[in-house]
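Summary of the model geometry
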Amino acid sequence: MAHYQAVGSIPPKRHTQHRRPGQGDAPGELYYEELMGEEGFSSDSSLLYHRNVPSTTVAASVWEVPDQATTPNHPLTPRHLKLHELFDAESVARTDVVTGRRLVLGNGDVRISYAVAAQASPWYRNGIGDECVYVERGRARVETVFGAFDVAEGDYVIIPRATTHRWLPVADADEPLRAYCIEANSHIAPPKRYLSRYGQLLEHAPYCERDLRQPEGPLLAEHVGASPDEQTDVYIKHRGNGPGGVVGTVHTLPFHPLDVVGWDGCLYPYVFNVRNFEPITGRIHQPPPVHQVFEGANFVICNFVPRKVDYHPLAIPVPYYHSNVDSDEIMFYVDGDYEARKGSGIGKGSISVHPGGHPHGPQPGATEGSLGVEAFDELAVMVDTFRPLELGEGGLAVDDGLYAMSWSRGTARTAGSPHSEG
Ligand SMILES: [Fe+2]
């Protein structure tokens, strides 16, 4: 983020002495300054002041990350993946968002995983890229070295690469925590076209700085009921020779990772709620990029939110058939009236996979059916990738196997709905 923040105790001049409170005339011990910077320290960065040497580890062991193997989408078919079938009540009770996420789709740029979790996660950092975790349902507290967030339904939680953090589901939430995890091999940020040359969100952007929540900090071990000296394991996802180039390591620290007394800069986690996305509408169908919310290298994240639809007297509210010739389109259906459309196959918790090389759009009859509709009540999150996605073990496990034929007239099944944009 380009927006400067300063939290907790920092010295007035960077790279100068910053000490703990002393006793009497004796100066306090120095804090340890860490520069956390992107793109070889040529982009956004923050300075963090630690109680402990941030390099310290006393042990390293292998973390067997969840299965990252993928299977090509071949023969090429659109697919319907039923994410809500991935976790039953028994498995939810023993699952955490970090070690329990199951890979649904992935390629060399991005991995989409899903977890329904009741357990607290271990401390974790992703050394491969930024994460965007969309909270489909439930509530959680996300603790990071920058500070904490209370997150709930509709929140996008953007965690920069190498940020140490953990996920704590709220046990009394009405629904279990459902997390849709988008892991980049790059950074995730607002689209460049939404930003001024200096990084301010522009007037035409569908959200602004006021809509972004900052971490509440500083957050120290004693604030979470832990001892600063508590030995702690940190699970690190990093590049390696495993499937998808992903491997894991556990580093044991001789202290608690929440030891940052202050930080400042433009690199930090933040949260944006999808309900704060202001839809852009018009007399006729608006181009798909108006739905974009974030971007990473070789992929974009879009959302489709409740909105009034096209108001030209002859408007057709549902999209035209389209060939997104450079992209695979992955639509995650979160809310809306999809379940009322019996026989569509698509419902809450569904993913549709519309691969490049195959045109897609509304089901037969949906276009006529949409005429005169004034508003859509849909909520969906879409990831479009420029390189083809392959199916992870989770995706293969909940593929309905029928979706590809759903546009064929005369079959019992139809796909999508008049709401279906993706
Ligand atoms: Fe589409």
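Residues numbered from 1 in each chain as written. Predicted model: local features only at pLDDT ≥ 70, side-chain atom pairs only at ≥ 80, totals over all residues. Heavy atoms only, no water.

Filter applied, for reference: UniProt positions are given in the numbering used here, feature names are shortened, and annotations may be inferred rather than shown by experiment.
Taking an unreviewed UniProt entry as the reference, the chain is identified by name as Homogentisate 1,2-dioxygenase belonging to Terrabacter carboxydivorans. Quoted verbatim from the Sequence similarities (unreviewed entry) field of UniProt, the annotation for the chain is "Belongs to the homogentisate dioxygenase family."

**Observations concerning the pairing of strand S19 (residues 270-273)**
In plain terms, the rule: Three exposure classes are used, based on accessible area relative to the maximum for each residue type with a 1.4 Å probe and protein chains only: buried under 20%, partly exposed in between, and exposed over 50%. Put simply, DSSP marks the helices as runs of H or I at least four residues long and the strands as runs of E at least two long, and each gets a number from the N terminus on. A strand pair is defined by DSSP finding two or more bridges across the two strands.
With burial as the criterion, each face of S19 is covered, one bearing Tyr270 and Phe272 and the other bearing Val271 and Asn273. With 4 bridges joining them, strand S12 (residues 155-159) and S19 adopt antiparallel strand pairing. In the strand pairing of S19, Val157 is matched with Val271. Bridging between strand S15 (residues 212-213) and S19 involves 2 bridges; their strand directions are antiparallel. Paired with Arg213 across the bridge in S19 is Val271.

**Here we look at unusual backbone geometry**
Omega for the peptide link from His74 to Pro75 comes to 0 degrees, which places this bond in the cis form. Backbone torsion omega between Gly217 and Pro218 reads 0 degrees, so that peptide bond is classified as cis. Mapped onto the secondary structure, Pro218 falls in the loop between S15 and strand S16 (232-239). Phi at Glu39 takes a positive value of approximately 50 degrees, unusual for a residue other than glycine. Here Glu39 falls in the exposed class, since its relative accessible area comes to 56%. For Asn298, which is not a glycine, the phi torsion comes out positive at approximately 70 degrees. With respect to the helices and strands, Asn298 occurs in the loop between strand S20 (292-296) and strand S21 (299-304).

**Overview of the pattern of salt bridges**
Spelled out, the test is: The working definition used for a salt bridge is a side-chain nitrogen of Lys or Arg within 4 Å of a carboxyl oxygen of Asp or Glu.
A full pass over the atoms with the stated rule returns 21 salt bridges. Glu143 is the partner of Arg166 in a salt bridge, and the nearest nitrogen-oxygen pair spans 2.8 Å. A residue pair is termed long-range when its members are at least 10 positions apart, and Arg166 in strand S13 (residues 165-169) and Glu143 in strand S10 (residues 140-144) qualify at 23 residues. The class of Glu143 is buried, set by a relative accessible area of 4%.

**Here we look at the environment of Ile351**
This is how it is decided: The contact rule is simple, with two residues in contact once any of their heavy atoms fall within 4.5 Å.
By the secondary structure assignment, Ile351 is in strand S24 (residues 350-354). Look at Ile351 and you get buried, because its relative accessible area is 0%. Expressed as a C-alpha distance, the spacing of Ile351 and Lys82, which sit 269 residues apart in the sequence, is 6.4 Å. In this structure Ile351 touches Arg79, His80, Leu81, Leu83, Val104, Tyr180, Ile330, Met331, Phe332 and Tyr333, once residues within four positions along its chain are discounted.

**Notes on the layout of surface pockets**
We count it as follows: Lining residues are defined by having an atom within 4 Å of a point belonging to a cavity or pocket. Those points lie on a 1 Å grid over the protein atoms alone, cavities being sets where a 1.4 Å probe fits but cannot get out and pockets being open sets with protein on both sides within 12 Å along at least five of seven lines. Grid points are joined across faces, edges and corners, and a volume is the space filled by probe spheres set on the points. Each residue gets one label: Ala, Val, Leu, Ile, Met, Phe, Trp, Tyr, Cys and Pro are nonpolar, Asp, Glu, Lys and Arg are charged, and the others, such as Gly, are polar.
Looking at the largest pocket, its volume works out to about 560 Å³. Around the largest pocket, the lining is made up of 23 residues, and of these Glu38, Ser43, Asp44, His187 and Ala189 lie nearest the centre. Classifying every residue of the lining of the largest pocket by side-chain character gives 12 nonpolar, 5 polar and 6 charged. Its volume calculated, the second largest pocket comes out at about 400 Å³. Lining the second largest pocket are 23 residues, and of these Glu34, His50, Pro54, Arg125 and Thr164 sit closest to its centre. Elements supplying a minimum of two residues to the lining of the second largest pocket: strand S2 (32-37), strand S3 (45-50) and strand S17 (246-253).

**Here's the deal with the UniProt feature "domain: Homogentisate 1,2-dioxygenase N-terminal" (unreviewed entry) in the chain**
UniProt annotation of "domain: Homogentisate 1,2-dioxygenase N-terminal" (unreviewed entry) refers to residues 51-273 when read in the numbering used here. For residues 51-273, helix accounts for 2% and strand for 40%, while the C-alpha atoms at its two ends are 33 Å apart.

**Some thoughts on the sheet that holds S2**
Keep this limit in mind: What counts as an axis is a line fitted to C-alpha atoms, over the stretch in contact for a helix, and the angles between N-to-C directions run from 0 to 180 degrees.
With respect to topology, 4 strands assemble into an open sheet ordered S1-S18-S3-S2, the strand pairing being antiparallel. Edge positions in the sheet fall to strand S1 (5-8) and S2, since each has one partner strand and no second. The average angle at which neighbouring strand axes cross in this sheet is 15 degrees, direction not considered. Two elements, S2 and S3, share 6 bridges in a ladder whose sense is antiparallel.

**With respect to the packing of aromatic side chains**
Defined as follows: Only Phe, Tyr and Trp rings take part, Trp by its six-membered ring, and two of them pair if their centres are within 6.5 Å. Stacked means planes under 30 degrees apart, edge-to-face means over 60, and tilted covers everything else.
If you walk through the whole model with that rule in mind, you get 15 aromatic pairs. Between Tyr403 and Trp407 the ring centres are 5.1 Å apart and the planes differ by 65 degrees, which places this aromatic pair in the edge-to-face class. The class for Tyr403 is buried, based on a relative accessible area of 3%. Following the ring pairs from residue to residue traces out a cluster consisting of Tyr134, Tyr156, Tyr194, Tyr207, Phe272 and Phe294.

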